[in-house]
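Observations on the three-dimensional arrangement
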Amino acid sequence: MNHSNKASITSLSWWKTATAYQIYPRSFFDSNQDGIGDIEGIIAKLDYLADLGIDLVWICPFYQSPNDDNGYDISDYQAIHPDFGSLEDVDRLICAAHGRGIRIIMDLVINHTSDEHPWFIESRQNKTSPKRDWYIWRDGCEPTSEKPTYDPNNWESIFHGSAWQYDVETAQYYLHLFSKKQPDLNWQNPEVKQALFSMIHWWLARGIDGFRVDAISHIQKQPNLPSLPNPKGDDYVSSFDYHMNVDGIEQHLYELRDQAFAPFDIVTVGEANGVDAKDALTWVAESTETDKGGVFNMIFQFEHMKLWAEEQNRDQFNLVEFKQILTRWQNALEGKGWNALYLENHDQARCINTFANVNHWYGSATALATCYFLMKGTPFIYQGQELGVINHQFMALDEFNDVSAKNLITKLQQQGQSDQSILALLNQVSRDHSRLPMPWNNRPFGGFSKVTPWIAVNPNYTEINVEQQQQDSNSILQFYKQLITLRKNNQSLITGRYQLLLENDTNIYAYQRISSDEIWTIITNLSDVEVQVDIENTQLGELVLDNQTPNNDNVRLDFMATKIAPAYAAYVFVTKH
């Protein structure tokens, strides 16, 4: 049966039909042999991305930066860090990608800058500086039971420790929700917004196709910056409630949409931690003749990922809760907005370790892929995910590179935790896992570079690499290609309505994509045990894709007869109606 109906797909917005791929440039491919990935390295691998079926590439920051937070601390929005190349290299990348039908979106970091940005340097010179109010400065104040320090309030940084940094020159504190080298911009100041919007226009004029907008849900802070309740008397208290999707953020977001984005035919994806499904339409509602709609085309929501929940025990993956969250988002945006679908990014450990079982490596990778990829929305793949890359096992605390990990180590050591327990935690949740070099082949350093890279290489590159999986017709890479092709060729997998099946099953994630002429049924066993699947044969139809015994024509018949799904099995059925 031929399930292709490409002609009618062309009427959809291009970003709805796209398959997206995220690149962490420092770790993607090193073209000049200095141990650091670069823009030329991305250009060199565009054919790989085109062959995979990628239409949209999101690239993490390559701007000028002191690299305190690996590029998310920007000191010049309109310059490129020399490690990565030059503006001319970016222009060549855009041109080379467009020549292959691939669009490029950049990371837009506008909640904060680096403390080495000229704006902040001018801001901190004195209290009467014209740019003083471009950032958030406050006097210190006497300690209280609620706030045991001299800081302006008791907010804890997302990266641990105080959210305030004392500045000797002017005897005031500045706010930094992330690293102390990432001072928050003051979005209450119209001049700040206009400067940012001008910079956005400058990049769009260079031909990029849009932005992934970093930490955008944090730009509005609780008025007057009050301290939080502190029943334990801690020095600093988790402060998300007072700076994450706070009331009043809508005004800033609508200005961003109307003044920075609206004049251009681009795609925008907001990083929207703290936004839940009931709030979603403010952020992503589609425009109509009478309503401009939401701010972004898509958002990355974090309910299913528990971003920054580093100190939670992730050993127990609750599938029923996972299904409830994703289904809530599917239903909230049905016919009104559009989901961004993902299980990995540069802020997360690898999804096989987080949601599945490395001992069932192939099944885990392909079942997870099938599960999330065929929901309604635009699927994003993080570099290496298409190979089934797994977490690295770090051997010592000084091997971690991430500023957040380093700060967490300090915090937990001060609390009296042993180095061994901290290492065990970070080996489960550290952001460094996703930032190790991309394994291209089984040569030294995984073919990423010919010299020692900036961070450790996962030693399993000899078994998990691009070259090996390109030559294996039954590899995880080839399975991703099949998924991408299947979605690309079938409009009902793009526009069909999502409907959850077996909502209380603790092992099976099953759902349907329903259109006027066909129903797709996706069944994945996200457990390491063989289980019975309570779905009638009449609901299934033809088996189009599975991750069971390769080239075995009996897979469908076996499943139809027994309804037994092996550990991490995945099946995709379609029926006409």
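This one's a predicted model, so the numbers in the text were calculated from it and none came from an experiment. Here the residue numbering is sequential within each chain, running from 1 through the sequence in written order. Selection of residues for local features in this predicted model requires a pLDDT of at least 70, selection of side-chain atom pairs for listing and counting requires 80 or more, and totals for whole chains, interfaces and linings are taken over all residues. Side-chain figures throughout are based on the complete set of non-hydrogen atoms in the structure, without hydrogens or water.

1. A word on unusual backbone geometry
Even without being glycine, His160 reaches a positive phi, approximately 80°. Helix numbering and strand numbering both begin at the N terminus, where a helix is a DSSP run of H or I of at least 4 residues and a strand a DSSP run of E of at least 2. Take His160: it is sitting in the loop between strand 7 (155–156) and strand 8 (164–167). In this scheme, a residue with accessible area under 20% of its type's maximum is buried, one over 50% is exposed, and one in between is partly exposed, where area comes from a 1.4 Å probe on protein chains only. Owing to a relative accessible area of 9%, His160 belongs among the buried residues under this scheme.

2. Details of the packing of helix 7 (residues 190–205) against helix 8 (residues 249–261)
Packed helix pairs are characterised by how far apart their axes lie and by the angle those axes make with each other. Every axis corresponds to a line fitted to the C-alpha atoms, with the helix fit spanning only the stretch in contact, and the corresponding angles, defined between N-to-C directions, vary from 0 to 180 degrees. Here helix 7 crosses helix 8 at 35°, and the two axes come no closer than 10 Å. In this structure, helix 7 meets helix 8 at a crossing whose hand is right-handed. Seen from helix 7, the contacting residues are Lys193, Gln194, Phe197, Ile200, His201 and Leu204; seen from helix 8, they are Gln251, His252, Glu255, Leu256, Gln259, Ala260 and Phe261. When residues are grouped by polarity, Ala, Val, Leu, Ile, Met, Phe, Trp, Tyr, Cys and Pro land in nonpolar, Asp, Glu, Lys and Arg in charged, and all others, Gly among them, in polar. In the contact of helix 7 with helix 8, the residues fall into six nonpolar, five polar and two charged. A clockwise turn of the near helix away from the far one marks a right-handed crossing, whereas an anticlockwise turn of less than a right angle marks a left-handed crossing. The criterion used for residue contact is that any of the two residues' heavy atoms lie within 4.5 Å.

3. A few points about the pairing of strand 10 (residues 210–214)
The element strand 10 is extensively covered by neighbouring structure, given that five of its five residues are classed as buried. Because side chains alternate across strand 10, one face comprises the buried residues Gly210, Arg212 and Asp214, and the other comprises Phe211 and Val213, equally buried. Should DSSP find at least two bridges between two strands, the strands are regarded as paired. As defined by bridge partners, strand 5 (residues 103–109) adjoins strand 10 across four bridges and the pair is classed as parallel. Within the sheet, the bridge partner assigned to Val109 lies in strand 10 and is Asp214. Here strand 10 pairs with strand 12 (residues 267–271) via four bridges, running parallel. Within strand 12, the residue paired with Gly210 across the bridge is Val267.

4. Points about the pairing of strand 9 (residues 172–175)
Neither face of strand 9 is open: one carries Gln172 and Tyr174, the other Tyr173 and Leu175, and all of them are buried. Where strand 6 (residues 137–138) lies against strand 9, two bridges are found, and the strand directions are antiparallel. What sits directly across from Trp137, in strand 9, is Tyr174. Across four bridges, the pairing between strand 8 and strand 9 is antiparallel. Across the sheet, residue Trp164 finds its bridge partner in strand 9, namely Leu175.

5. A look at the sheet that holds strand 6
The three strands lie next to each other as 6-9-8, forming an open sheet whose pairing is antiparallel. Strands with a single pairing partner mark the edges of an open sheet, and in this sheet they are strand 6 and strand 8.

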